[in-house]
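Letter by letter, the chains look like this.
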Amino acid sequence: MDINDIIKPENRVYKRPALLNDTHMHYCPGCSHGVVHKLIAEILEEMNAEDKAIGVAPVGCAVFAYNYIDVDFIEAAHGRAPAVATAIKRLQPDKLVFTYQGDGDLAAIGTAETIHAANRGENIAIVFINNAIYGMTGGQMAPTTLLGMKTATTPYGRRADLNGYPLAISNLVAQLDGACYVTRQSVHTPAAVRKAKAAIRKAFENSMAGKGTSLVEIVSTCNSGWKLPPVQANEWMKEHMFEKYPIGDLKNV
Amino acid sequence: MAKIRGAVTIDEEKCKGCSLCVASCPADVLSLQPKEVNNRGYHYAFMSSPEKCIGCASCAMVCPDACIEVYRVKEP
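About the criteria used
- Residues numbered from 1 in each chain as written.
- Chains lettered and ligands numbered in written order.
- Predicted model: local features only at pLDDT ≥ 70, side-chain atom pairs only at ≥ 80, totals over all residues.
- Heavy atoms only, no water.
- Contact = heavy atoms within 4.5 Å.
- Buried area = accessible area lost by both parts, 1.4 Å probe.
- Salt bridge = Lys/Arg side-chain N within 4 Å of Asp/Glu carboxyl O.
- Polar contact = N/O pair within 3.5 Å; in protein donor to acceptor, adjacent residues only side chain to side chain.
- Nonpolar A, V, L, I, M, F, W, Y, C, P; charged D, E, K, R; others polar.
- Pairing = 2+ DSSP bridges.
- Helix = DSSP H or I, 4+ residues; strand = E, 2+ residues; numbered from the N terminus.
- Buried < 20%, exposed > 50% of the residue type's maximum accessible area, 1.4 Å probe, protein only.
- Axes fitted to C-alpha atoms, helices over the stretch in contact; angles between N-to-C directions.
- Parallel < 35°, antiparallel > 145°, perpendicular 65-115°, else oblique.
- Core = buried A, V, L, I, M, F, W, Y, C linked by side-chain atoms within 4.5 Å.
- Phe/Tyr/Trp six-rings, centres within 6.5 Å; stacked < 30°, edge-to-face > 60°.
- Lys NZ or Arg CZ within 6 Å of the ring centre and 35° of its normal.

**Student:** What is the right way to read the interface of chain A and chain B from this model?
**Tutor:** By a frequent convention, interface size equals the accessible area lost on bringing the separate parts together. At the junction of the two partners, chain A supplies 34 residues and chain B supplies 34 residues. Carbon and sulfur atoms make up 65% of the area that chain A and chain B hide from each other, which totals about 2900 Å². Per-residue buried area on chain A facing chain B is highest for Met1, Tyr14 and His24 of chain A; these three make up 21% of the total on that side. At the junction of chain A and chain B, the tally comes to 2 salt bridges. Its salt-bridge partner being Lys14 of chain B, residue Asp22 of chain A comes within 2.4 Å of it at the nearest N-O pair. Seen at the junction of chain A and chain B, the total is 12 residue pairs in polar contact (both at pLDDT 80 or more). In terms of residue class, the side of chain A that touches chain B is made up of 18 nonpolar, 9 polar and 7 charged. In this structure, strand β1 (residues 12-14) of chain A lies alongside strand β4 (residues 68-75) of chain B, joined through 2 bridges in antiparallel fashion. Its bridge partner being in β4 of chain B, Tyr14 of chain A is matched across the sheet by Val70 of chain B.

Here it is in structure tokens:
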């Protein structure tokens, strides 16, 4: 059978989601952000939620998320995405409201907003990309940076006595009564991508069902910040990141 | 037994040559172009041994730029 006999519309089993705009993403090659954008576009398409979804974009690498996913978006001030999402969801309870944040946004400058939104049990879904570094500004240390990890501001590795310990914010949020679903996923293999998709879908459904705050942490790579090629970055993540940030559900009510 | 054949199309201009698809392919179908580059200067991915493809869509799932489409047929 010739290859041109296989490549026909009726045989197609996987296509680019229609909600993903036909533009070049500005992310570095191999960045996990692209995969998560694709998953969100696929899920919103499957849920027929393109007209009722409102996303809140963060400050960080994903600041241009509104250029890539073709649903309504609001750009929040640095770290304030859960606060903005709270307002949107309270004013328009029938909308699917989600935030998309990195670790500098959610776990550093926006810690208070994240914790209090979850503590109030706001019916929003939070997608949290944890790559343990400030990617956009040039690879500085973030609160989630691992001990001993080299960054632009910790060139000899992060030291506990000088820089403190890595912050596992999902574990903190899981303690709160307002949070209904807290999970940690990854997107480094096809199997992990499927699981992450199911987790994000569940978070979106919780938001619509009014069960409380859902937080999906995606442990990700930052090839440019870590100074590794994409495939090696995935290996490095498996070896080191999963020790501190193990994959799995932390809370599922 | 019916054999399953697959094929992928790659949007060469969107591909950034990260090679995550090459690493995730269970049948070693994909490679990066050794010399050719696209408009942005990346060595884009292509099907180096198309006859081995089983259409499992692993490559498309891990592709950060969503530039892979997958096709699959059952050979009679």
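Now that the structure has been shown, the text picks up again.
**Student:** Looking at this structure, I do not really get unusual backbone geometry. What am I missing?
**Tutor:** Glycine aside, residues mostly have negative phi angles, and peptide bonds mostly take the trans form. All names here are of chain A. A positive phi angle, near 50 degrees, is found at Asn48, a position not held by glycine. The phi torsion at Ala132 lies on the positive side, around 65 degrees, for a residue other than glycine. Topologically, Ala132 is positioned in the loop between β5 (125-130) and α7 (160-163).

**Student:** Could you clarify how one ought to interpret the environment of Gln175 of chain A in this entry?
**Tutor:** Residue and element names in this part refer to chain A. As for its position among the elements, Gln175 is in the loop between α8 (169-174) and β6 (179-186). Using a relative accessible area of 63% as the deciding quantity, one classes Gln175 as exposed. In this structure, the C-alpha to C-alpha distance between Gln175 and Asn119, residues 56 residues apart in sequence, is 9.2 Å.

**Student:** Could you clarify how one ought to interpret the packing of helix α4 (residues 81-91) of chain A against helix α6 (residues 111-120) of chain A in this entry?
**Tutor:** A pair of packed helices can be characterised by two numbers: the angle between their axes and the separation between those axes. Residue and element names in this part refer to chain A. Their axes nearest at 8 Å, the elements α4 and α6 cross at an angle of 30 degrees. Taken together, the axes of α4 and α6 lie roughly parallel to each other. Across from Pro82, Ala83, Thr86 and Arg90 in α4, the residues of α6 making contact are Glu113, Thr114, Ala117 and Arg120. Its residues assigned to classes, the contact of α4 with α6 shows 3 nonpolar, 2 polar and 3 charged.

**Student:** Honestly, the nonpolar core in this entry has me stumped. Any pointers?
**Tutor:** Generally speaking, soluble globular proteins have nonpolar side chains that are buried together. Ranked by internal contacts, the top residues of the largest apolar core, which has 68 residues, are Ile40, Leu44, Ile200 and Phe204 of chain A together with Ile68 of chain B. The contact partners of Ile68 of chain B, leaving out residues within four places of it in the chain, are Tyr14 of chain A together with Val8, Thr9, Ile10, Cys21, Cys59, Ala60 and Cys63 of chain B. In terms of nonpolar packing, the next biggest core, distinct from the first, is built from 21 residues, Val56, Ala76, Ala118 and Val173 of chain A among them.

**Student:** How should the packing of aromatic side chains be read in this particular structure?
**Tutor:** The description of an aromatic ring pair rests on the distance of the ring centres and on the angle between the ring planes. All names here are of chain A. Counted according to the given criterion, the structure contains 5 aromatic pairs over all chains. By way of ring pairs, the aromatic residues Phe73, Phe98 and Phe204 are connected into one cluster. One Lys or Arg, Lys202, reaches over the ring of Tyr181 and ends 5.3 Å from the middle of that ring.

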